Amino acid sequence: MSRIPMIAGNWKMNTTVEDAVRLVTTMLPNLDKVSGIDKVVCPPFVSLAAVKEIIEGSTIKLGAQDVFYKEKGAFTGEISPGMLAGLCEYVIIGHSERRQYFGDNEEIIDMKIKAAMESMLKPIFCVGESLEENEAGRTEEVLTRQCMASCDRLYFFGGIVIAYEPVWAIGTGKSATSEQANKTIGFIRQLIRHRHSGEIADNVRILYGGSVTAANIAELMKMPEIDGALVGGASLKHDDFLSIAQQASEIRGVS
Ligand code: PGA
């Protein structure tokens, strides 16, 4: 079993097309050389084509931040899996900001995962408990519900990347400790082991996300259950993102 670690940058609603081009152009030469891990950038939809052109032929991969579950039609403002399929390899689905502000519930998220996979996109499926749920000791119950609503897709298709992102750690500067994150990710892997198979559980990549920085990535990557990170704020600073990727590669890169 050797899961290839992944460092993915979620740029969220930041960067104009011009900014995105500048950011990825600055990152490219050094990030391209980081080996033994998958490196993914997820700019806003409007910058995907421009970023794709710049990273063409490099080792950097491209992801989108969301997708709709219908293939086409009268859905003003939405982007379909077919539109993304030629542009990027990955797509973030079920991010807590989508759940919180845009009404993405478990049913919608599951439809998005199914639609994405049918178009050969690889979902980065986000799960995580809120602060209240965490403080009430309900983390495992919430994760079980969120995972079970969509993890059947694992059984049918394989290839999903899961990102455990405790909502209280996102954008707050208050990361989970590496021990906490390792334990919870281990719990998610156990869920998959029981629901599906040991083989699927051993192969699925589970990332941690929430205030990951160049200062805490090393501790996280030393943990056996943590297969990488989904990075928000720090992915917008090219030297921080590079350092995060380099440390992940040094600690866990596969040859
Ligand atoms: P953060 O965001 O690194 O800024 O906390 C992570 C995420 O939301 O994916």
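Cut-offs and rules
Residues numbered from 1 in each chain as written. Predicted model: local features only at pLDDT ≥ 70, side-chain atom pairs only at ≥ 80, totals over all residues. Heavy atoms only, no water. Helix = DSSP H or I, 4+ residues; strand = E, 2+ residues; numbered from the N terminus. Rg over C-alpha atoms; globule rule 2.2 N^0.38 Å. Buried < 20%, exposed > 50% of the residue type's maximum accessible area, 1.4 Å probe, protein only. Contact = heavy atoms within 4.5 Å. Areas by Shrake-Rupley, 256 points an atom, 1.4 Å probe, with all protein chains shown as cover. Lys, Arg positive; Asp, Glu negative; His and termini not counted. Charge placed at Lys NZ, Arg CZ, Asp CG, Glu CD. Near = heavy atom within 4 Å. Nonpolar A, V, L, I, M, F, W, Y, C, P; charged D, E, K, R; others polar. Salt bridge = Lys/Arg side-chain N within 4 Å of Asp/Glu carboxyl O. Pairing = 2+ DSSP bridges. Axes fitted to C-alpha atoms, helices over the stretch in contact; angles between N-to-C directions. Phe/Tyr/Trp six-rings, centres within 6.5 Å; stacked < 30°, edge-to-face > 60°. Lys NZ or Arg CZ within 6 Å of the ring centre and 35° of its normal.

### Notes on the overall build of the chain
Thought 1: Within the chain, the secondary structure is distributed over twelve helices and eight strands.
Thought 2: Against the 2.2 N^0.38 benchmark of 18 Å for 255 residues, the chain shows a C-alpha radius of gyration of 17 Å, consistent with a compact globule.
Thought 3: Dimensions of the chain along its principal axes, counting C-alpha atoms only, are 45 × 45 × 35 Å.
Thought 4: Looking at the 255 residues of the chain, the share that counts as buried comes to 52%.
Thought 5: For the chain, the share of sequence-separated contacts (at least 6 apart) that also reach a separation of at least 24 residues comes to 72%.
Thought 6: With the model as given, the accessible surface of the chain reaches about 11400 Å², and the carbon-plus-sulfur share is 53%.
Thought 7: Across the chain, 26 positive and 33 negative side-chain charges occur, with their mean positions spaced 2 Å apart.

### Details of the site of the ligand
Thought 1: Close to the ligand lie 13 residues; Lys12, His95, Glu165, Gly171 and Ser211 are nearest.
Thought 2: Contact with the protein chains removes 95% of the 290 Å² of surface that the ligand exposes when unbound.
Thought 3: Partitioned by chemical class, the residues of the shell around the ligand number four nonpolar, seven polar and two charged.

### Some points on the pattern of salt bridges
Thought 1: Under the criterion given, the structure shown has 20 salt bridges.
Thought 2: Residue Lys12 is joined to Glu97 by a salt bridge in which the shortest nitrogen-to-oxygen separation is 2.8 Å. One end of the pair, Lys12, is in the loop between strand E1 (6-10) and helix H1 (17-33); the other, Glu97, is in helix H4 (residues 96-101), with 85 residues separating them in the sequence.
Thought 3: Members of the salt-bridge network, linked through shared partners, are Arg3, Arg189, Glu225, Asp227 and Arg252.

### What about the sheet that holds strand E5 (residues 122-127)?
Thought 1: Here we have eight strands rolled up into a closed barrel, ordered E1-E2-E3-E4-E5-E6-E7-E8, and parallel in their pairing. Looking at each pair of strands side by side, their axes are set apart by 25 degrees on average, direction ignored.
Thought 2: Relative to strand E2 (residues 38-42), E1 is paired through five bridges, and the arrangement is parallel. Bridged to Ala8 within E2 is Val40.

### Some thoughts on the packing of aromatic side chains
Thought 1: What the rule picks out here adds up to four aromatic pairs.
Thought 2: The structure contains a cluster of three or more aromatic residues connected by ring pairs, namely Phe68, Tyr69 and Phe75.
Thought 3: Looking at Arg98, its charged tip hangs above the ring of Phe102, at a distance of 4.1 Å from the centre.

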